[in-house]
Every structure is written in structure tokens, then in C-alpha cells.
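One-letter residues, chain by chain:
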Amino acid sequence: MKQYNNPEKSTWPSLLQRPVQAMKQLEATVAMVLEEVRSSGDKAVKKYTKHFDRVTVDNLLVTQEELEKAGDQVSNDLKQAIAVAKNNIEKFHAAQQESELRIEISKGVECWRKSVPIEKVGLYIPGGTAPLFSTVLMLGVPAQLAGCDEIVLCTPPGKDGKVNPVILYAAQLVGISKVVKAGGIQAIGAMAYGTASVPQVYKIFGPGNQYVTAAKQLINKEGIAIDMPAGPSEVMVWADATADPEFIAADLLSQAEHGGDSQVILVTTEAQLVTTVNEAVAEQLDALPRKAIAQRALENSKAFVLESNGLVLDMINAYAPEHLIVAVSNAEQYVDAIKNAGSVFLGNYTPESAGDYASGTNHTLPTNGFAKAYSGVSLDSYLKKITFQKISREGLLDLGPVIEQMAEAEQLMAHKNAVSIRLQKLTAL
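Residues numbered from 1 in each chain as written. Predicted model: local features only at pLDDT ≥ 70, side-chain atom pairs only at ≥ 80, totals over all residues. Heavy atoms only, no water.

1. Points about the overall build of the protein chain
Here is step 1: What the protein chain contains, in helices and strands, is 16 helices and 14 strands.
Here is step 2: Taking contacts inside the protein chain between residues at least 6 apart in sequence as the whole, the part at least 24 apart equals 76%.
Here is step 3: Surface exposure of the protein chain reaches about 20800 Å², of which carbon and sulfur atoms provide 51%.
Here is step 4: In the protein chain, the 39 positive side-chain charges and the 48 negative ones have mean positions that sit 9 Å from each other. (Helix = DSSP H or I, 4+ residues; strand = E, 2+ residues; numbered from the N terminus. Contact = heavy atoms within 4.5 Å. Areas by Shrake-Rupley, 256 points an atom, 1.4 Å probe, with all protein chains shown as cover. Lys, Arg positive; Asp, Glu negative; His and termini not counted. Charge placed at Lys NZ, Arg CZ, Asp CG, Glu CD.)

2. Concerning the nonpolar core
Here is step 1: Ranked by internal contacts, the top residues of the largest apolar core, which has 39 residues, are Val121, Leu123, Val136, Ile176, Val179 and Tyr382.
Here is step 2: Of all the secondary-structure elements, those providing two or more residues to this core are helix H4 (64-70), helix H5 (76-94), strand E4 (120-124), helix H6 (133-146), strand E5 (150-155) and helix H7 (165-173).
Here is step 3: Non-local contacts of Leu123, meaning those with residues more than four positions away in its chain, are made with Leu139, Gly140, Ile151, Val152, Leu153, Cys154, Ile176, Met191, Phe205 and Tyr382. (Core = buried A, V, L, I, M, F, W, Y, C linked by side-chain atoms within 4.5 Å. Buried < 20%, exposed > 50% of the residue type's maximum accessible area, 1.4 Å probe, protein only.)

3. A closer look at the sheet that holds strand E13 (residues 343-346)
Here is step 1: Strand order in this open sheet of six strands is E1-E11-E10-E9-E12-E13, and the pairing throughout is parallel. Because the sheet does not close on itself, it has two edges, and the strands there are strand E1 (2-5) and E13. With direction set aside, neighbouring strand axes in the sheet form an average angle of 15°.
Here is step 2: Here six bridges tie strand E9 (residues 234-239) to strand E10 (residues 263-268), and the two strands are oriented parallel to one another. Opposite Met236, over in E10, you have Ile265 as the bridge partner. (Pairing = 2+ DSSP bridges. Axes fitted to C-alpha atoms, helices over the stretch in contact; angles between N-to-C directions.)

4. Regarding the packing of aromatic side chains
Here is step 1: Within the structure shown, the criterion is met by seven aromatic pairs.
Here is step 2: On the numbers, 5.5 Å between centres and 5° between planes, the contact of Trp112 with Phe388 is stacked. On the criterion of sequence distance, the pair formed by Trp112 in strand E3 (residues 109-117) and Phe388 in strand E14 (residues 383-391) is long-range, its members being 276 residues apart.
Here is step 3: Residue classification places Phe388 among the partly exposed residues on the basis of a relative accessible area of 31%.
Here is step 4: A cation over an aromatic ring shows up here: Arg38 above the ring of Tyr193, its NZ or CZ 4.4 Å from the ring centre.
Here is step 5: Over the aromatic face of Trp112 sits the side chain of Arg102, whose NZ or CZ is 3.8 Å from the ring centroid. (Phe/Tyr/Trp six-rings, centres within 6.5 Å; stacked < 30°, edge-to-face > 60°. Lys NZ or Arg CZ within 6 Å of the ring centre and 35° of its normal.)

5. Section: unusual backbone geometry
Here is step 1: With phi around 60°, Arg54 is a residue other than glycine that occupies positive phi space.
Here is step 2: Mapped onto the secondary structure, Arg54 falls in the loop between helix H3 (42-53) and H4.
Here is step 3: A positive phi angle, close to 55°, is found at Asn368, a residue other than glycine.
Here is step 4: Within the secondary structure, Asn368 sits in the loop between helix H14 (352-357) and E14.

6. Quick notes on helix H8 (residues 184-193)
Each α-helix winds once per 3.6 residues, and so residues spaced three or four apart point in a common direction.
Here is step 1: Of all ten residues in H8, nine are buried; the element is thus mostly enclosed.
Here is step 2: Among all positions of H8, only Ile185, Gln186, Ala187, Ile188, Gly189, Ala190, Met191, Ala192 and Tyr193 are buried.
Here is step 3: In this structure, the buried residues of H8 make contact with helix H2 (23-40), H3, E4, E5, strand E7 (203-205) and helix H9 (210-221).
Here is step 4: The positive-phi residue at the C-terminal boundary of H8 is Gly194, with phi of around 80°.

7. Focus on the side chain of Lys216
Here is step 1: With respect to the helices and strands, the residue Lys216 is situated in helix H9.
Here is step 2: With near-sequence residues (within four places) excluded, Lys216 lies in contact with Ile188, Ile204, Phe205, Gly206, Ile226, Asp227 and Met228.

8. Examining the side chain of Ser381
Here is step 1: With respect to the helices, strands and loops of the structure, Ser381 is situated in the loop between H14 and E14.
Here is step 2: Here the side chain of Ser381 touches Ser378 through a polar contact of 3.0 Å, landing on its backbone nitrogen.
Here is step 3: Beyond its immediate stretch of four places on either side in the chain, Ser381 contacts Ile118, Lys203, Phe205 and Gly376. (Polar contact = N/O pair within 3.5 Å; in protein donor to acceptor, adjacent residues only side chain to side chain.)

9. Quick word on the pattern of salt bridges
Here is step 1: Using the criterion set out here, one finds 16 salt bridges in the structure.
Here is step 2: The shortest N-O distance in the salt bridge between Arg38 and Glu35 comes to 3.2 Å. Of this pair, Arg38 and Glu35 both sit in helix H2, separated by three residues, roughly a single helical turn.
Here is step 3: On the basis of relative accessible area, Arg38 is assigned to the partly exposed category, the value being 40%. (Salt bridge = Lys/Arg side-chain N within 4 Å of Asp/Glu carboxyl O.)

10. Re the packing of helix H15 (residues 393-409) against helix H16 (residues 413-428)
Axis angle and axis distance: for two packed helices, these are the angle between their axes and the distance between the axes, and together they describe the pair.
Here is step 1: Packing of H15 against H16 brings their axes to within 9 Å, and their N-to-C directions diverge by 150°. Between H15 and H16, the crossing angle belongs to the class labelled roughly antiparallel. For the crossing formed where H15 meets H16, the hand is left-handed. Contacts from Arg393, Leu396, Leu397, Gly400, Pro401, Ile403, Glu404, Ala407 and Glu408 of H15 reach H16 at Met413, His415, Lys416, Val419, Ser420, Arg422, Leu423, Leu426 and Thr427.
Here is step 2: Tallied by class, residues from the contact of H15 with H16 come to nine nonpolar, four polar and five charged. (Parallel < 35°, antiparallel > 145°, perpendicular 65-115°, else oblique. Left-handed = near helix turned anticlockwise from the far one by under 90°. Nonpolar A, V, L, I, M, F, W, Y, C, P; charged D, E, K, R; others polar.)

11. Quick word on the pairing of strand E2 (residues 101-106)
Here is step 1: Sparse coverage of E2 is indicated by the burial of zero of its six residues.
Here is step 2: Joining the antiparallel neighbours E2 and E3 is a turn of two residues, in which Gly108 adopts a positive phi near 85°.

12. Describing the sheet that holds E5
Here is step 1: Overall, parallel pairing links the five strands, which are arranged E6-E5-E4-E7-E8 in an open sheet. Sheet topology places strand E6 (178-181) and strand E8 (225-226) at the edges, where each strand pairs with a single neighbour.

13. Brief notes about the environment of Gln97
Here is step 1: Within the element layout of this structure, Gln97 appears in the loop between H5 and E2.
Here is step 2: When its relative accessible area of 47% is taken as the criterion, Gln97 is described as partly exposed.
Here is step 3: Distance in space between the C-alpha atoms of Gln97 and Leu365 is 20 Å, their sequence separation being 268 residues.
Here is step 4: Excluding residues that lie within four positions of it along the chain, Gln97 makes contacts with Leu145 and Leu379.

14. As for the pairing of E3
Here is step 1: Bridging between E2 and E3 involves five bridges; their strand directions are antiparallel. Paired with Arg102 across the strands is Trp112, a residue of E3.
Here is step 2: Of the strand pairs in this sheet, E3 and E14 are connected by nine bridges, and their pairing is antiparallel. Paired with Arg113 across the two strands is Thr387, which belongs to E14.

Set out below in C-alpha cells:
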């Protein structure tokens, strides 16, 4: 990792930039594919699956038989691990359920808010270089807990034209029966516009590469909701002299192996720690099956040595990492000072991998600095909050004059009249 010692704050924005592609060219490609999917439906989805993934797909939908038989190809040990993870994710997300908020504002004026599930949702599960069946749990469990009526899952097929059996097993486990063999831009377009095989949905969830992220952002402009802009994965590790360099190296590499466009950053007040971490990274990297991918990501990676913990916290909040590991003494004391992060991992024994798989929190998180304003996926992501109000005759007699005065001050006389006409009839009784 390239090391920076006490860089001036004015240089932080450029030093903390994420790896980017030429967005104009990327968006032009994405817009072209989306438009063709909109106009040609399944035909375009199959065309671009062949073009981008080099796979010919005759039937876009996974059959019920394929879903039911998927479990036969998954080991019992993995099934047990998935069951534990699913249970933990259910526990954490079920605890997020809120009771109806109902309040009497004043005599005769009652307001309440009710959570209502989004009827139709689409889940995007990346395939690419690794089948992310864990994302099926992360997106599918809260969708089921929320009570969404229709859940569509899209994921790229393998070279054999089939979906990885572990993804299918996880889908069946969380009650998803509509699985589409399509990934990338064409999958986002299919869920956004609907095709003969793929139902149109109201909101699309899931991480992906820069093409998938661009597709989600473009369809969002057309009125289809998305969870968040979620692009290439990233981690920032804050470590001090009490941290284990081998642990830090392992955490950095766990994100680096996601993809060549991932970014990992180390920030510390201990210059010597950077040297020992780099040595541990080099040693562990050689043993990784995905060494080439991790190595490309490390080219975008940096280590910062700062003078104080206060400056470290400033840098954390300026970068707004998707994942933040706080491997320092008494890590919990800094919780309130962390303002911008997708998910935080406290202490030497809390690897980011725990959140990726089985601790219970969700791993679909805002990247690229969007943690300054966005939250990760939660139960709330699948719910709408509808407000209700009910006013009695007595309530309107009391509140009506307030509304009349405010409406008149804004020169919206029809608004005022909607109250006045009622008050006149009430007072005439």
C-alpha cells in the first residue's frame, strides 16, 4: 500500500478518491442496453446475456424442479452454516419491526403512521467471479419479514447456462420462487420495465459492479426506486499499536479479493504498523486463490499515518467507508464520533467477514461515500410509512381557524375554503 504521512487536509479529497471509470462512456452503454430491454424484453435480455456473459439462455426462468433439486448439490455442512446465518439475520431484522405509532394531537385530532410492505421488489445477486449466495439471505430475509407480495431474484448464469445451486438453495430457503437467469444491465432493465418472463417491480435491491450501479441510477431517474448506489466494495481499517498486523492484513485482503476495482485503506497513528501490515499482506496474498484480483485492488489501496486520533476520525468521516474496522484500544469509546460509515466492526475479534455472512447485520451497504447520507439495507428498506389522520367535528372547530389563517397567509384560498365551508356548516347546526 502506498503510504502517506500526515497529509494536509486540503489534499484529502484527492487522496481519498475511489477508483473510477469513464462515466460518460459507461452510461452511454448502460442507457443503450436499458432502452433495448424496454423495447424488446426477453429477446434483449437473452441477447446481452450472450454478449456480456458469453452464455446462451433459452428459458430465463429457473424451473421449480431446478429449485427443489438445488439442495442435493449443497453439502450438509454448508447447509448448516447457511441455516445459522439465516437465523441470525432474521433475529436482527425482526427486531427492527415497529408497532403502529398512534397519537392524539389534540382533542378530536388523531394521527398515526403505519408500515406497509412494498408489493413488488427485485433482488440483484451478483455472480461474476464469485456466486454471492450470502446476498440472497441479506436481501431475501428482510423482504420476507416485511411481507412483500412478489419477490423477483435476478442473478447471472454460469457458463453452463445454469444458476449456481447454492444461490438456488438459499433462494428456496427464504421463500423465493421466481429466479431469473440474467445479470448485469439487462437484469436491472428487466426488473425495471418488465418482460414476458420477468415481472416489473417497484424497487430494486442489491450490489453490483459499476455497470449495475449505473443502471440502477438511470432507472431510478425514471421512477423505479432503488436501495442505494452500491458499487465496488471498500473497507477502511483504523488500527493502533494494540492491533494484530496479521488480522489487519487479512481484513484488507478480504475486501481486496472482491474485485480489482475494490479499495482498501489503512489509517493509523503508528508509522511502524504500516510496515508490519504490508509485510503480512505480502505473505498472505501469495496464498490466496484470488491473488490476481486482490493484487489489482491493492494498487488502489493506501495507508495514512496521522498525528492524532482526532484527525483519524476526521478522515473516517470524510471518506465515509462502506465498512469500517476499528481495531484500537477501547474501540467502543469512539462510537459517537463516527458519523459516516455503512457498517462498523469494533475490536480485534470482529472481522468484517462476520458482517458479510453471519453476525446478523446486513452486508448491502452504501459505497463511494454515500454513507454520508444513506443507510444500509434494513427491514425499513422494504416498507413504506403511510400516515393517517382523523378529525372529529370538535377537532375541526378547534383546529380549523389555524388552518384558515395559514392558508390565507400563503394566498391559497381554495385550501382555506376547504376548511371554511365545513366550519360554516358545523356552526349552522
